[in-house]
Amino acid sequence: MRSVTFPAFVAFIGLSGFATGAFAQTGPVATSCAKDIAKFCSGKRHDGSIRICLESKYAILSGACKKALDTTGGGRGKQLGGTKK
């Protein structure tokens, strides 16, 4: 059995951290809607499905999540919940 060299081990750890971070969602919707995502859309993938799920539940989302949806991405300016303020 071959032993792993220290540089190879460090490279592996570094790449593992990169891969994990690459899939972490940290944008305004992910941050502001974290609790709403967990409550209403936890089984959805990060391929646009979460935003679609959130928009379909707009009436029952937190105020911070609604604001994030209204001010970012495809929802910018749409005021999904009704008239513009």
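The structure presented is a predicted model; accordingly, all values stated were derived computationally and were not measured. (Residues numbered from 1 in each chain as written. Predicted model: local features only at pLDDT ≥ 70, side-chain atom pairs only at ≥ 80, totals over all residues. Heavy atoms only, no water.)

**Some thoughts on the overall build of the protein**
So, step 1. Each helix and strand in the protein was counted, giving five helices and zero strands.
So, step 2. Of the regular secondary structure in the protein, the N- to C-terminal order runs α-α-α-α-α.
So, step 3. For the protein, the proportion of its 85 residues judged to be buried stands at 22%.
So, step 4. Sequence separation of at least 24 residues holds for 29% of the intrachain contacts in the protein that already meet a minimum separation of 6.
So, step 5. Carbon and sulfur atoms make up 62% of the accessible area of the protein, which amounts to about 6,400 Å² in all. (Helix = DSSP H or I, 4+ residues; strand = E, 2+ residues; numbered from the N terminus. Buried < 20%, exposed > 50% of the residue type's maximum accessible area, 1.4 Å probe, protein only. Contact = heavy atoms within 4.5 Å. Areas by Shrake-Rupley, 256 points an atom, 1.4 Å probe, with all protein chains shown as cover.)

**Here we look at the pattern of salt bridges**
So, step 1. The final tally for this structure, using the stated rule, is one salt bridge.
So, step 2. The partner of Glu55 in a salt bridge is Arg51, and the shortest N-O contact between them spans 3.0 Å. Taken together, the residues Glu55 and Arg51, both in helix α4 (residues 49-56) and four residues apart, mark about one turn of the helix.
So, step 3. The exposure class assigned to Glu55 is partly exposed, which follows from its relative accessible area of 29%. (Salt bridge = Lys/Arg side-chain N within 4 Å of Asp/Glu carboxyl O.)

**Regarding the confidence of the model for the protein**
So, step 1. On average, the protein scores 75 in pLDDT, and the residues at 70 or more come to 59%.
So, step 2. Between the elements of the protein, mean pLDDT differs from a low of 45, seen in helix α1 (residues 6-23), to a high of 97, seen in helix α3 (residues 34-40).
So, step 3. Long-range and interchain partners of residues 9-23, a stretch whose pLDDT sits below 50, account for one contact in this model, where long-range means more than four residues apart. (pLDDT = per-residue confidence, 0-100.)

**Some points on helix α5 (residues 63-71)**
So, step 1. The complete set of buried residues in α5 reads Cys65, Ala68, Leu69 and Asp70.
So, step 2. For α5, the secondary structure elements touched by its buried residues are α2 (28-32), α3 and α4.
So, step 3. Looking one or two places after α5, you find Gly73, whose phi comes out positive at around 50°.

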